[in-house]
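# Chain and residue survey
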Amino acid sequence: MALLPAPVTYSYSHRQVNANTLKYISLLTLTLQNAILGLSMRYARTRPGDIFLSSTAVLMAEFAKLITCLFLVFNEEGKDAQKFVRSLHKTIIANPMDTLKVCVPSLVYIVQNNLLYVSASHLDAATYQVTYQLKILTTAMFAVVILRRKLLNTQWGALLLLVMGIVLVQLAQTVGPSSGPADGAGAGAAATAAASSAGGAPEQNRMLGLWAALGACFLSGFAGIYFEKILKGAEISVWMRNVQLSLLSIPFGLLTCLVNDGSRIFEQGFFHGYDVFVWYLVLLQAGGGLIVAVVVKYADNILKGFATSLAIIISCVASIYIFDFNLTLQFSFGAGLVIASIFLYGYDPARSAPKSSMQGPGGDEEKLLPRV
């Protein structure tokens, strides 16, 4: 009998090793996904050749996410087709009120993803990546208003740093009327605009890109907090909830295609401008939300801060070589403030002590709902 505890200790240690491995793998994946998505969206919208319709790409990303999540739910149900169908019926059809609650974030996410394409079309990848971190501020704002959540003093300080950093980044990239070709930011913007015009891409409009990014940040904050509110108390897996989201997002996405680009779709076709790179971008965007779901399950806010910060640095460095982006001292300082704010916002002194590895029934659910 004395030998019985040994397998338990080994099993516990084995689980710890697996959890740590998954944590760092998911962290690396999120870092690359964050950086590569911004760079890929920018390249896809400014490269020479026929430009695809962003509304169709958003719709196809929802289809890809739906298929992926259906497969994951099927796997959760033990790969039993009958259990899979019963689970879908029970969650989606037999519980219509719960499904209707998901309509709000479904519509918001469709609009948000379209705005992100607009922003990527008019802002360089580095500025886009930094500016989009303003979603931390909007998420905090809606958390206070909707969830009545109180922020720590360090978090208020982090939000102030965030706003200051983004203002500095935007001012660093603003080209005044007197700026000439010798201006670093102006030269990069002019080069990008010239390449875009030659290739038939949308004409660069920094103000439009900024407003699109701000709108996406606002919608991201609202949708995230609303989604958290409806998830609390619901015994539904994150994959099933994403199935609900995609099923409701697809009709909204189709309506967006018809309203915004209906005439061009009928003239040029739904998949006009699509090639291997665009399909890669669609799958990358679809996988983004699923990667985040895995990351927040195994990583804490500090590690997520590392991932976002590394993504910003990678985007800046890559933009220098890919898009002739000129890195100025003011931009670097502003980006540094944004990175510092990410770490400061995720830091909670009350939770600095090591957590117990034994989670209750709600432990994973709480980890699926990050504050940012």
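These numbers come from a predicted model, not from an experiment. (Residues numbered from 1 in each chain as written. Predicted model: local features only at pLDDT ≥ 70, side-chain atom pairs only at ≥ 80, totals over all residues. Heavy atoms only, no water.)

## Thoughts on the overall build of the chain
Condition: Helix and strand assignments come from DSSP, with helices taken as H or I runs of at least 4 residues and strands as E runs of at least 2, each series counted from the N terminus. Three exposure classes are used, based on accessible area relative to the maximum for each residue type with a 1.4 Å probe and protein chains only: buried under 20%, partly exposed in between, and exposed over 50%. Under the convention used here, a 1.4 Å probe and the Shrake-Rupley method define accessible areas, while residue burial counts only the protein chains that appear.
The number of helices and strands found in the chain is 15 helices and 0 strands. Counting across all 372 residues of the chain, residues that qualify as buried make up 47%. Accessible area for the chain stands at about 18700 Å²; split by element, carbon and sulfur atoms hold 68% of it.

## Things to note about the nonpolar core
Where we set the bar: Buried Ala, Val, Leu, Ile, Met, Phe, Trp, Tyr and Cys residues form a nonpolar core when they are joined through side-chain atoms within 4.5 Å. In what follows, residue pairs with any heavy atoms lying within 4.5 Å of each other are defined as contacts.
Counting residues in hydrophobic clusters, the biggest one holds 46 residues, and the most contacted among them are Met 41, Phe 52, Val 130 and Phe 331. What Met 41 contacts, discounting residues up to four positions off in sequence, is Leu 116, Tyr 117, Ala 120, Tyr 128 and Leu 281. Ranked by size, the runner-up nonpolar core spans 16 residues in total, among them Val 73, Met 240, Ile 250 and Leu 290.

## Side note on helix α11 (residues 238-268)
Since the α-helix advances by 3.6 residues per turn, residues separated by three or four positions end up pointing in the same direction. Formally: Helix span, as expected, comes to 1.5 Å for every residue beyond the first. What we call the bend at a residue is the angle made by axes fitted to the seven residues finishing there and the seven residues starting there.
When the terminal C-alpha atoms of α11 are compared, their 37 Å separation across 31 residues is substantially less than the 45 Å that a helix rising 1.5 Å per residue should span. Bending of α11 peaks at approximately 90° at the position of Asp 261. Gly 269 sits one or two positions beyond α11 and adopts a positive phi of about 105°.

## Remarks on a nonpolar patch on the surface
Where we set the bar: Think of a patch as exposed residues, more than 30% relative accessible area, with no salt bridge, where like charges cluster within 9 Å and nonpolar side chains (Val, Leu, Ile, Met, Phe, Trp, Tyr) cluster within 5 Å. Counted as salt bridges are all cases of a side-chain nitrogen of Lys or Arg within 4 Å of a carboxyl oxygen of Asp or Glu.
On the surface, a nonpolar cluster with roughly 1100 Å² of combined accessible area is contributed by Leu 28, Leu 32, Ile 36, Tyr 280, Leu 310, Ile 313, Ile 314, Val 317, Ile 320, Tyr 321, Ile 322 and Leu 327. Mapped onto the nonpolar patch, the elements with two or more residues apiece are α1 (5-46) and α13 (301-322). Of the residues forming the nonpolar patch, the biggest block, 7 residues, is contributed by α13. Tyr 321 sits in the exposed class, given a relative accessible area of 69%.

## Structural notes on the packing of aromatic side chains
The description of an aromatic ring pair rests on the distance of the ring centres and on the angle between the ring planes. Going by this rule: Two rings belonging to Phe, Tyr or Trp (six-membered ring only in the last case) form a pair when the distance between their centres is within 6.5 Å. Interplanar angles under 30 degrees mark stacking, angles over 60 mark edge-to-face geometry, and anything in between is tilted. We call a charge positioned over a ring when the NZ of a Lys or the CZ of an Arg lies within 6 Å of the ring centre and within 35 degrees of the ring normal.
Inspection of the entire model under this criterion finds 13 aromatic pairs. Look at Phe 271 and Trp 279: their rings are 5.6 Å apart centre to centre, the planes differ by 35°, and that puts the pair in the tilted class. In this structure an aromatic cluster arises from ring pairing among Phe 52, Tyr 117, Phe 270, Phe 271, Tyr 274 and Trp 279. The positively charged end of Arg 45 is found above the aromatic ring belonging to Phe 52, 5.0 Å away from the centroid.

## Overview of the pattern of salt bridges
For the structure shown, the criterion picks out 3 salt bridges. Across the salt bridge formed by Asp 275 and Arg 47, the nearest N and O atoms sit 2.9 Å from each other. Of this pair, Asp 275 sits in the loop between α11 and α12 (276-298) while Arg 47 is found in the loop between α1 and α2 (54-76), placing the two residues 228 residues apart along the sequence. Of the residues examined, Arg 47 reaches a relative accessible area of 11% and is grouped as buried.

## A look at the packing of α2 against helix α5 (residues 103-122)
To keep it simple, the criterion reads: Only the contacting stretch of a helix is used when fitting its axis, a line to C-alpha atoms as for every element, and angles between N-to-C directions run 0 to 180 degrees. Under this scheme an angle from 65 to 115 degrees is roughly perpendicular, one under 35 degrees roughly parallel, and one over 145 degrees roughly antiparallel; angles in between are oblique. In this scheme the crossing of two helices becomes right-handed for a clockwise turn of the near helix relative to the far one and left-handed for an anticlockwise turn of less than a right angle. Each residue is assigned to one of three groups, with Ala, Val, Leu, Ile, Met, Phe, Trp, Tyr, Cys and Pro labelled nonpolar, Asp, Glu, Lys and Arg labelled charged, and all others, Gly among them, labelled polar.
Following both chains from N to C, one finds α2 and α5 inclined at 130°, their axes separated by 9 Å at the closest point. In terms of orientation, α2 and α5 fall into the oblique class. In the crossing of α2 with α5, the sense of the turn from one axis to the other is right-handed. For the pair α2 and α5, the contacting residues are Ser 54, Ser 55, Ala 57, Val 58 and Glu 62 in the first and Ile 110, Asn 113, Asn 114 and Tyr 117 in the second. Residue composition of the contact of α2 with α5, grouped by class: 4 nonpolar, 4 polar and 1 charged.

## Observations concerning the confidence of the model for the chain
Note the cut-off: Confidence of the predictor at the level of single residues is given by pLDDT, which spans 0 to 100.
Summing up the model confidence of the chain, the mean pLDDT is 76 and the portion of residues at 70 or higher is 74%. Mean pLDDT across the secondary structure elements of the chain bottoms out at helix α15 (residues 363-367), with 39, and peaks at α2, with 91. Below pLDDT 50 for its whole length, residues 175-199 participates in 22 contacts with residues either more than four positions away or in separate chains.

## Concerning the environment of Tyr 280
In this structure, Tyr 280 sits in helix α12. Since its relative accessible area comes to 31%, Tyr 280 is described here as partly exposed. Counting along the chain gives 240 residues from Tyr 280 to Ser 40, while the straight-line C-alpha distance between them is 9.2 Å.

## Remarks on the side chain of Ser 315
The cut-off we apply is this: Polar contact criterion, stated in full: a pair of N or O atoms within 3.5 Å, where within protein one must be able to donate a hydrogen and the other to accept it, and residues adjacent in sequence count only if both atoms are side-chain atoms.
With respect to the element layout, Ser 315 can be found in helix α13. Within the structure, the side chain of Ser 315 is placed 3.0 Å from the side chain of Gln 129, a separation counted as a polar contact. Discounting chain neighbours no more than four positions away, the residues touching Ser 315 are Ala 35, Leu 39, Ala 125, Ala 126 and Gln 129.

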